[in-house]
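The primary structure of each chain is shown beneath.
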Amino acid sequence: MIKKICYCRKVQRIAAVVLIICSILVLFAANHYMPFKMDDEWYATNLVTGLPVSSFSDIWESQVWHFFHWGGRSIAHGLLQATLWAGQGAADWINVGAAVLLVCLICVLADTKDWYHKLLALGFLIVLNINWSQTLLWQSGAANYLYMTVWILLFLFCYFRTLEWPDKKKLPGIAIWIAPLGLFAGWSNENMGPAVLIGTSLIMLFVWKRERRFPLWMAVGNLFCLAGCAFLILAPGNFVRNTEAVTQTEGMGILWRAFLRGFSVANGLFYYLLYPMLLVVFLIFIYCVVLGKKLRRTDWLCLMMAVLSWGAMALSPHYPDRAAFGTMVLCVIPAVHMFARIQAEREAFCLPAYGVVFMVWLGGMFPLCTYICQMIGWIR
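Residues numbered from 1 in each chain as written. Predicted model: local features only at pLDDT ≥ 70, side-chain atom pairs only at ≥ 80, totals over all residues. Heavy atoms only, no water.

## Structural notes on the overall build of the chain
For step 1, the next point in the chain: Check the secondary structure of the chain and you find 17 helices and zero strands.
For step 2, the next point in the chain: In terms of overall dimensions, the chain is globule-like: its C-alpha atoms have a radius of gyration of 22 Å, near the 21 Å expected for 380 residues.
For step 3, the next point in the chain: For the chain, the spread of C-alpha atoms along the principal axes amounts to about 70 × 60 × 50 Å.
For step 4, the next point in the chain: Counting across all 380 residues of the chain, residues that qualify as buried make up 48%.
For step 5, the next point in the chain: Looking at the chain alone, contacts between residues at least 24 apart form 78% of all its contacts between residues at least 6 apart.
For step 6, the next point in the chain: Across the chain, the 28 positively charged side chains and the 18 negatively charged ones have centroids separated by 14 Å. (Helix = DSSP H or I, 4+ residues; strand = E, 2+ residues; numbered from the N terminus. Rg over C-alpha atoms; globule rule 2.2 N^0.38 Å. Buried < 20%, exposed > 50% of the residue type's maximum accessible area, 1.4 Å probe, protein only. Contact = heavy atoms within 4.5 Å. Lys, Arg positive; Asp, Glu negative; His and termini not counted. Charge placed at Lys NZ, Arg CZ, Asp CG, Glu CD.)

## Description of the packing of aromatic side chains
For step 1, the next point in the chain: A full pass over the atoms with the stated rule returns 16 aromatic pairs.
For step 2, the next point in the chain: Summarising the aromatic geometry, the rings of Trp151 and Phe184 are spaced 4.8 Å apart at their centres and angled 80 degrees between planes, so their arrangement reads as edge-to-face. Of this pair, Trp151 sits in helix α8 (residues 139–164) while Phe184 sits in helix α9 (residues 174–186); the two residues are 33 residues apart in sequence, bridging distant segments of the chain.
For step 3, the next point in the chain: Under the relative-accessibility criterion, Phe184 is labelled partly exposed at 21%.
For step 4, the next point in the chain: Every member of this aromatic cluster is reached through a ring pair, and the members are Phe67, Phe68, Trp187 and Phe231.
For step 5, the next point in the chain: The side chain of Lys118 reaches across the aromatic face of Trp115, ending 5.2 Å from its centre.
For step 6, the next point in the chain: Looking at Arg297, its charged tip hangs above the ring of Phe206, at a distance of 5.7 Å from the centre. (Phe/Tyr/Trp six-rings, centres within 6.5 Å; stacked < 30°, edge-to-face > 60°. Lys NZ or Arg CZ within 6 Å of the ring centre and 35° of its normal.)

## Details of a nonpolar patch on the surface
For step 1, the next point in the chain: On the surface, Trp256, Phe259, Leu260 and Phe263 cluster together to form a nonpolar patch covering roughly 430 Å² of accessible area.
For step 2, the next point in the chain: With respect to the element layout, Leu260 can be found in helix α13 (residues 254–272).
For step 3, the next point in the chain: Judged by relative accessible area, which is 32%, Leu260 ranks as partly exposed. (Patch = residues over 30% accessible without salt bridge, like charges linked within 9 Å, V, L, I, M, F, W, Y side chains within 5 Å. Areas by Shrake-Rupley, 256 points an atom, 1.4 Å probe, with all protein chains shown as cover. Salt bridge = Lys/Arg side-chain N within 4 Å of Asp/Glu carboxyl O.)

## A look at helix α5 (residues 88–109)
For step 1, the next point in the chain: A rise of 1.5 Å per residue sets the reference length of α5, with its 22 residues, at 32 Å; its end C-alpha atoms lie 31 Å apart and thus fit the reference within 8%.
For step 2, the next point in the chain: Residues of α5 that are buried: Ala91, Asp92, Asn95, Val96, Ala98, Ala99, Leu102, Val103, Leu105, Ile106, Cys107 and Leu109.
For step 3, the next point in the chain: At the exit of α5 stands Asp111, carrying a positive phi of roughly 60 degrees. (Expected span 1.5 Å × (residues − 1).)

Right, here's the structure in full:
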C-alpha cells in the first residue's frame with residue numbers, strides 16, 4: 001500500500017512538472033507574439049534626444065528627465081528601457097522568467113512546496129487577472145507590474161520569514177542587500193509601495209512584541225522602503241502629470257469629481273478585483289468556519305495590504321485595471337495557502353483538489369492559447 005501511494009505521488013509530481021514546462025512554453029509563445037507597441041515605442045528611445053537607447057547612460061539620462069517631467073516610476077521604467085534595449089527575444093524570456101519567479105514566490109509565501117500548487121498559482125495569475133495581456137505580456141505593463149511585484153514579494157519574504165519561522169537561520173548578507181530591495185519595493189507603484197511599507201512596519205511591531213527587539217536589517221529595509229515611497233510619490237514629474245489631469249476635469253464641481261473618484265474605486269472593487277475577493281471569502285468560509293482553522297498573521301497582513309493598495313487608488317485621478325495586479329497577487333497568497341491546508345486537512349478532498357487545480361490551470365492556459373492562435377491566424 002505504501003509503495004502504491006509513493007508511486008502515485010511520483011506520477012503526480014512528474015505530471016505537474018510536465019504541465020509546468022508546457023506552461024513555460026505557452027507563456028513564451030504568447031510573449032513572442034506580443035510586439036513592442038504603444039508606450040514601448042517611446043521608452044525604447046532616449047527620452048531627451050529621441051534617439052534609440054544604445055547605452056546605460058541613455059537610460060540614466062532618460063530616467064532623470066522622466067523623474068522631473070513625467071512621473072516617479074524610475075525603477076520600473078529603467079528596467080523597461082533595459083529590456084527594450086535588449087530586444088524582443090531577450091525581453092520575452094525575461095518576462096517568462098519573472099512570471100515563473102512570481103509563481104514560486106507566491107508558493108513560498110503561501111508555505112507550500114507542492115508542484116500542483118505552483119500550477120494553481122499560475123492559473124490564478126491569469127484567471128483572476130482583469131488584464132493579463134497588459135500585465136504579463138505587454139512590455140511596458142510587465143515592467144511596471146509583473147517585475148515590480150516580484151521585487152515586492154522578495155522584500156516581503158524576508159519579513160514573513162522572520163515572523164512565521166523565527167528559528168530559521170538568518171539569510172546571509174541580508175543587512176546589506178535588504179536596503180536596495182526595500183528601495184525597489186517602495187519605489188514600485190503608487191498604491192503598492194505604501195501598502196508594503198505599512199505591512200512591514202506591522203511585522204516589525206509583531207516581532208518586537210514577541211521578542212522585545214527586532215533585527216537591525218528590518219529597520220534598514222523599512223527605512224529604505226519609506227525612501228522609495230517618497231521618491232515615487234513626491235517626484236516632480238508626478239505633479240506635472242497631475243496638473244494635466246486637473247486641467248482635464250477643470251470646470252467640474254467638487255461633488256461631481258468626488259463621485260467620479262468614488263466610482264473609480266468601486267469599479268476597482270466590483271469589477272477589477274471581484275473574483276479574487278470572492279475566492280478569498282469562499283476559502284475563508286471553508287477554512288475558518290467549516291474546518292475551524294485560524295488564518296496566519298501573514299495571511300491577514302496580505303489581505304490588509306490588498307485593501308490598502310485598493311483604497312490608495314482613491315487618491316489617484318485614474319485607476320487603470322492594470323493597477324489591480326499587485327492587489328490581486330496579495331489575495332492569491334492566502335488563497336493558495338488556504339487551499340493547500342484544506343487539501344492537507346481532508347484526505348477525501350485530495351483527488352477533487354487535483355481536478356480543481358487542473359481546471360484553474362486550463363482556465364489560465366486557454367486565453368493564452370487563444371491569443372497565440374489569433375496571432376498565428378488560426379482564429380479570426
